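# Tertiary structure, described
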Amino acid sequence: MKELQNLNLDNYWIPFTPNREFKSDPRLLVASEGMYYETQDGRKVLDAIAGLWCCNAGHCHPKIVKAVQDQVAILDYATAFNMSHPKAFELAEKIADLTPDGLDKIFFGNSGSEAVETALKVALAYHVAKGEGQRTKFIGREKGYHGVNFGGVSVGGITPNRKSFGPLLPGIDHLPHTLNFNEMAFSKGQPTWGLHLADELENILVLQDPSTVAAVIIEPVTGAGGVIVPPVGYLERIKEICTKHNILLIFDEVITGFGRLGDSFAANRFDVTPDIITMAKGLTGAVVPMSAVAFKNEIHDSIMQGPENMIELFHGYTYSGHPVAAAAGLATLEVYEEEGLFQKAKELEPIFEEAIHSLNGEDQVVDIRNIGLMGAVHFRSDPIPATEFASKVFQHCYENDVMVRFSGEFLILSPSLIAEPQHIEIIIEALKKAIRSIA
Ligand SMILES: Cc1ncc(COP(=O)(O)O)c(C=O)c1O
């Protein structure tokens, strides 16, 4: 990889990265296969986070690669407005098969952020169509991550993502997050403490006037905010309160969709059906960017009004349902089915759970949280500040051929659904060594 020595690092502004530090010692990936990346210095690095919780079928799966290669040579692009192509319909049908009953109408975008904007806008349009245009407010949740566009940041609850960007959208309130070390540290799966925090929704609604609220948006399991698993009964209670007040419930399943929790969606796993589900990442296994939103049929049908020759919804993207992304999506969903990857993830969950909790007792570890194939290891700031500790653990792991993710005070693990028990073992051993090398 000689040519990389002359690589100009100046122009590319890297997202969510300390650019100056990174450019002084860049970590560059040049190839990938299955559970592994290859680095520019020729090392094979075990990917413990499936890219960014997205390469659910592993890297460069031959079937998906071939589908993309074939498609790009046959139909590179199809005009997205007033025209379409067969694969977009086929993929929408396949997605509708995986979503809970009654959420059968699928709108395509290109990123999780766009899926969120689409969900929020359609929620507003639905209420307008129903003659309830006064419902303009949204309720998100502290520590929630819903992408980086203005709507998503407004309903999101991660402070650094909000603070440089002005007043954001008006009419937004936030539920409290459910993380509490005193009450639920080292819970395995769903904590038994915290159901009462769902009732905070009623308090917020008293303040906001429920008849002015369009939708509540939450991640069923908070992802980027630290793998915060919903307390037992919490999602059911949120759903109950939304239904009572005719408020739409949006599950942002950009992470939890497509097998991450051992089921097609968190909605299926928890048996709580929202009105709208956003999805991205695992939809195409991240081979080609694509997102989608599944809407309850009634939402779609309410908007299908007016003369049939008129556009019903003034929203969409040049690349909505892009043929190459649709081909990647179809192939990816076939791989999930043929290889039984959702079931495989379910079977690996207890092994993953036991392995990650074996870090309990290591220095500075204050909490460990997990569900499905997602987990977080949270550090205390004593004696070393937690953010510094987490970043050092990440760097040590990377130098020792395992890629985890650090975010603030915690590390995240989210291996591909193709992971085997021995991969989990390697990841946990690397983490142990890293923690012990620092403490
Ligand atoms: C729950 C959730 N929603 C939305 C997004 C935004 O997705 P994207 O980065 O593709 O815009 C993410 C990204 O991680 C996410 O985790």
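Sequence order as written defines residue numbering, which begins from 1 separately in each chain. Note on the predicted model: pLDDT of at least 70 is required for a residue's local features to be given, and 80 or more for side-chain atom pairs to be given and counted; whole-chain, interface and lining totals, by contrast, use all residues.

### A look at the sheet that holds strand β10 (residues 291–295)
- By this definition, two strands are paired if DSSP reports at least two bridges between them. Helix numbers and strand numbers start at the N terminus; a helix is a DSSP run of H or I with at least 4 residues, a strand a run of E with at least 2. One open sheet holds the 7 strands; their spatial order is β4-β10-β9-β8-β7-β5-β6, and the pairing between them is mixed. Each edge of the sheet is formed by a strand with only one pairing partner; in this case those strands are β4 (105–109) and β6 (172–175). Averaged over all neighbouring strand pairs, the angle between strand axes comes to 20°, with direction disregarded.
- In this structure, strand β7 (residues 213–218) lies alongside strand β8 (residues 248–252), joined through 4 bridges in parallel fashion. Considered in β8, the bridge of A215 is made with L248.
- Residues are scored as being in contact if the C-beta atoms we place from backbone atoms lie within 7 Å. Think of each axis as a best-fit line through the C-alpha atoms, taken over the contacting stretch in the case of a helix, with angles from 0 to 180 degrees between the N-to-C directions. Against the sheet, helix α9 (residues 200–208) makes contact with β5 (137–141), β6 and β7, and its axis sits at roughly 160° relative to β6, the strand it touches most.
- Strands β7 and β8 of the sheet are contacted by helix α10 (residues 234–244), whose axis makes an angle of about 145° with β8.

### Here we look at the site of the ligand
- The full set close to the ligand counts 14 residues, and S111, G112, S113, G147 and V254 are the nearest of them.
- Sort the elements by how many residues they give to the shell around the ligand and helix α5 (residues 112–129) lands first, with 3 residues.
- When residue character is reported, Ala, Val, Leu, Ile, Met, Phe, Trp, Tyr, Cys and Pro are called nonpolar, Asp, Glu, Lys and Arg charged, and the others, Gly included, polar. When the residues that make up the shell around the ligand are grouped by side-chain class, the tally is 6 nonpolar, 6 polar and 2 charged. Only the C-beta atom matters for nearness: placed from the backbone, it must lie within 6 Å of the molecule or strand for the residue to count as near.

### Points about the environment of G316
- Within the secondary structure, G316 sits in the loop between α12 (297–303) and α13 (323–338).
- C-beta crowding within 10 Å serves as the criterion here: with 16 such atoms nearby, G316 is assigned to the partly exposed category.
- Taking C-alpha positions, G316 is 31 Å from E240, a pair spaced 76 residues apart along the chain.
- With near-sequence residues (within four places) excluded, G316 lies in contact with A80 and F81. Remark: C-beta atoms are placed from the backbone, and a residue is labelled buried if 20 or more other C-beta atoms sit within 10 Å of its own, exposed if 12 or fewer do, or partly exposed between those counts.

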